[in-house]
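Topology and contacts: notes
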Amino acid sequence: DARVLVQLSYVHSLAGGYRAAREFALRAAALAPRDPGVVRELAPRLRTFNAAKELDALVRAQGPLARIPIPMLLVFAAQYSYLNEQERALALLDEARRADPAFPPTLLARSHVLMYLGRFDDAQADARAAVKRAPEIAQGWWLLSRLRKQTPEDNVVAQMRTQLQRPGRRPQEIAQLAESLHKALDEMGDHAGAWSALELMCRTKRATLDYHAEDSRALVDALIAMPAGPVAPMPAAGTRTPIFIVGMHRSGTTLLEQLLDGHPDVRGVGELYDFTSAMRLATDHHCRGVIDRTIVERARDVDFADVGATYLRDMEWRLAGEGHFTDKLPSNFLNLGFICRALPHAKILHMRRDPIETCFSNLRELFSDANPYSYDQAELADFHKQYRRLMAHWHAAWPGRIFDVDYAALTRDPETVMREVAAFCGLPFDPAMLAMQERKRGVATASAVQVRNKVVARETPKWAPYEAQLQPLIEALRGE
């Protein structure tokens, strides 16, 4: 019974068991269920376990796209988008729009995917149509604020303020509208109003989170105390080479990946949780986020050669003929000790950016479930210190395995820095890496709009107008 198997998968995940949860989800998928209730729950389960082939089979089992109900098309599209398969997601959303051209959830989902694909005019058209029909949906205003610069002559500030006053707003909607209002007012030069909106966003989002800074410190302590262990053998010649791009979120990791993706022998595949999935499988523990202390404790009994083989095998469906691929999950900096042991041939690029610039960029970004430390200045500064402490440890523990890339240098002189990056990765420099505006790949990160433009070195940091309000953060970061 597929329904029972899906529920068993959920129960095992909630109990922390990864292998059984995965097995029950795969067993449910093998039954090719068509009951809408079962399928709507099973699809995100399969994506949780990076079971892309099984997800594809589940979609095909529903019959021709024209016969799949719109709500199910939206569920499937969301899973493909999470896997950074934006073209597949768009095909499903195009079918949903064909069935009902004016359904706001379809228009908003399609606008989001079009933004990831760099089709900004089309994305704006869908977002505008959605807010015209359903102005109460916060996501529409969030998209419009992202997709074009707001000016005093042409902006949606009044509409967003009206929507913020709508009774019965859920915290996530308030936070989303407040973030959008902050961005708009910042671009229009109203920094006092922008800061007020940012405070509302951070206060609202932080109230929904169960985050404790001491847990982050304890995790870093455990990683630093982790004993050294055997390293997996070097893989056979011709094995694909992963290029991990790590660092704090909002430190320029997406920019670096976009530049590398221009190389003919590199496939940029985006922010992936595939290495985390391999560690969850090896330790039989379903953690929240990239890693937790249970995975660290159980890692002492892990066969890291098997972890590396699992990771490389599960990546194959994403790749074509390239010998290298990027894995750009910034928070993989927590996994570097495991990555170095499981994948001795992997290249690791660490993006470094000015601490205040990095932290302010985190503070003003509304993440989904990630980065719970980023909505309070003291907690954000403390997490940044833990990150720097851990990176110093990895450099000492694995000398020569990690190459630091300076964000400021990269934006000032991209060719020189990319020549150094290419040499570290064992690649010849290719001028195509610098042709940023020619990229067509999907970019499903907070930088989806910015990275479509040419590389620009900013003279005045974005945080400068808010220096007075950011004193707690600046003081806490002093000396870094």
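Before reading further, recall that the structure is shown in the block above.
Residues numbered from 1 in each chain as written. Predicted model: local features only at pLDDT ≥ 70, side-chain atom pairs only at ≥ 80, totals over all residues. Heavy atoms only, no water.

**Overview of the overall build of the chain**
- Looking only at helices and strands, the chain has 23 helices and five strands in total.
- Here the chain has a C-alpha radius of gyration of 22 Å; the compact-globule value for 480 residues is 23 Å, and the two agree.
- Principal-axis analysis of the C-alpha atoms places the extent of the chain at approximately 60 × 60 × 45 Å.
- Counting all 480 residues of the chain, 55% fall into the buried class.
- Residue pairs in contact within the chain that sit at least 24 positions apart in sequence constitute 73% of those at least 6 positions apart.
- Of the roughly 20,500 Å² of accessible surface on the chain, a fraction of 51% belongs to carbon and sulfur atoms. (Helix = DSSP H or I, 4+ residues; strand = E, 2+ residues; numbered from the N terminus. Rg over C-alpha atoms; globule rule 2.2 N^0.38 Å. Buried < 20%, exposed > 50% of the residue type's maximum accessible area, 1.4 Å probe, protein only. Contact = heavy atoms within 4.5 Å. Areas by Shrake-Rupley, 256 points an atom, 1.4 Å probe, with all protein chains shown as cover.)

**Remarks on the pairing of strand E4 (residues 347–352)**
- Relative to E4, strand E1 (residues 241–246) runs parallel, the two sharing four bridges. Across the sheet, residue Val-246 finds its bridge partner in E4, namely His-350.
- Here E4 runs beside strand E5 (residues 402–406); their pairing, made up of five bridges, is parallel. Counterpart to Met-351 in the pairing with E5 is Val-405. (Pairing = 2+ DSSP bridges.)

**A look at the packing of aromatic side chains**
- A complete count under the given rule lists 13 aromatic pairs for this structure.
- Clustering of aromatic rings is evident, with ring pairs tying together Tyr-211, Phe-333, Tyr-373, Phe-383 and Tyr-387.
- Above the ring of Tyr-10, the side-chain terminus of Arg-45 is found at 4.4 Å from the ring centroid.
- Directly above the ring of Phe-424 sits Lys-347, whose terminal nitrogen or CZ lies 5.9 Å from the centroid. (Phe/Tyr/Trp six-rings, centres within 6.5 Å; stacked < 30°, edge-to-face > 60°. Lys NZ or Arg CZ within 6 Å of the ring centre and 35° of its normal.)

**Quick look at the packing of helix H7 (residues 104–116) against helix H8 (residues 120–133)**
- H8 packs onto H7 with a crossing angle of 155 degrees between their chain directions and a minimal axis gap of 8 Å. Comparing the axis directions of H7 and H8 gives the class roughly antiparallel. H7 and H8 meet at a crossing whose hand is left-handed. Seen from H7, the contacting residues are Pro-104, Leu-107, Leu-108, Arg-110, Ser-111, Leu-114 and Met-115; seen from H8, they are Phe-120, Asp-122, Ala-123, Asp-126, Ala-127, Ala-129, Ala-130 and Arg-133.
- When the residues that make up the contact of H7 with H8 are grouped by side-chain class, the tally is ten nonpolar, one polar and four charged. (Axes fitted to C-alpha atoms, helices over the stretch in contact; angles between N-to-C directions. Parallel < 35°, antiparallel > 145°, perpendicular 65-115°, else oblique. Left-handed = near helix turned anticlockwise from the far one by under 90°. Nonpolar A, V, L, I, M, F, W, Y, C, P; charged D, E, K, R; others polar.)

**What to know about unusual backbone geometry**
- Not every positive phi belongs to a glycine, and Ala-32 is a case in point at roughly 50 degrees.
- Note that Ala-32 resides in the loop between helix H2 (18–30) and helix H3 (36–48).
- Given the relative accessible area of 37%, Ala-32 is considered partly exposed.
- A positive phi angle is found at Arg-250, which is not glycine, with a value near 70 degrees.
- Within the secondary structure layout, Arg-250 lies in the loop between E1 and helix H14 (253–261).
- Classification of Arg-250 as buried rests on a relative accessible area of 16%.

**Describing the pattern of salt bridges**
- Taken as a whole, this structure holds 28 salt bridges when the rule is applied.
- A salt bridge links Arg-318 to Asp-274, with the shortest nitrogen-to-oxygen separation between them at 3.7 Å. Taken together, the positions of Arg-318 in the loop between helix H17 (304–315) and strand E3 (324–327) and Asp-274 in helix H15 (residues 274–283) put the pair 44 residues apart, joining distant regions of the chain.
- Overall, the relative accessible area of 7% leaves Arg-318 in the buried class. (Salt bridge = Lys/Arg side-chain N within 4 Å of Asp/Glu carboxyl O.)

**Quick look at the nonpolar core**
- In this structure, Phe-76, Leu-223, Phe-275 and Phe-338 are the most contacted members of the largest nonpolar core, which totals 132 residues.
- Here this core takes eight residues from helix H5 (residues 70–82), the largest share from any one element.
- Contact partners of Phe-76, with chain neighbours within four places excluded, come to Val-39, Ala-43, Leu-55, Leu-58, Val-59, Gln-62, Ile-68 and Leu-92.
- Counting residues in each nonpolar core, the second largest holds 20 residues, with Ile-245, Leu-260, Val-417 and Met-436 among its members. (Core = buried A, V, L, I, M, F, W, Y, C linked by side-chain atoms within 4.5 Å.)

**Focus on the sheet that holds strand E2 (residues 266–268)**
- Across the sheet, which stays open at both edges, the five strands sit in the order E2-E3-E1-E4-E5 with parallel pairing between neighbours. Both outer strands of the open sheet, E2 and E5, are each paired with one neighbouring strand and no more. Neighbour-to-neighbour, the strand axes of this sheet turn through a mean angle of 25 degrees, independent of strand direction.
- The sheet contact formed by E2 and E3 spans three bridges and is parallel. For Gly-268, the partnering residue across the bridge sits in E3 and is Thr-326.
- Most of the contacts of H17 go to E3, to which it runs at about 100 degrees, and overall it touches E1 and E3.

**Quick notes on H3**
- Here H3 spans 19 Å end to end across 13 residues, near enough to the 18 Å set by a 1.5 Å rise per residue.
- Within H3, burial applies to Val-38, Val-39, Leu-42, Ala-43, Pro-44, Arg-45 and Leu-46.
- On its buried face, H3 sits against helix H1 (2–14), H2, helix H4 (52–61) and H5.
- Put simply, Asp-35 is the residue that caps the front of H3, since its side-chain oxygen is 3.0 Å from the backbone nitrogen of Gly-37.
- Looking one or two places after H3, you find Asn-50, whose phi comes out positive at around 55 degrees. (Expected span 1.5 Å × (residues − 1). Polar contact = N/O pair within 3.5 Å; in protein donor to acceptor, adjacent residues only side chain to side chain.)

**Let's talk about the side chain of Ser-13**
- Note that Ser-13 resides in helix H1.
- A distance of 2.9 Å separates the side chain of Ser-13 from the side chain of His-286, its partner in a polar contact.
- Among residues more than four places away in sequence, those in contact with Ser-13 are Ala-21, Arg-45, Phe-49 and His-286.

Treat this as a map of the structure, not an account of what it does.
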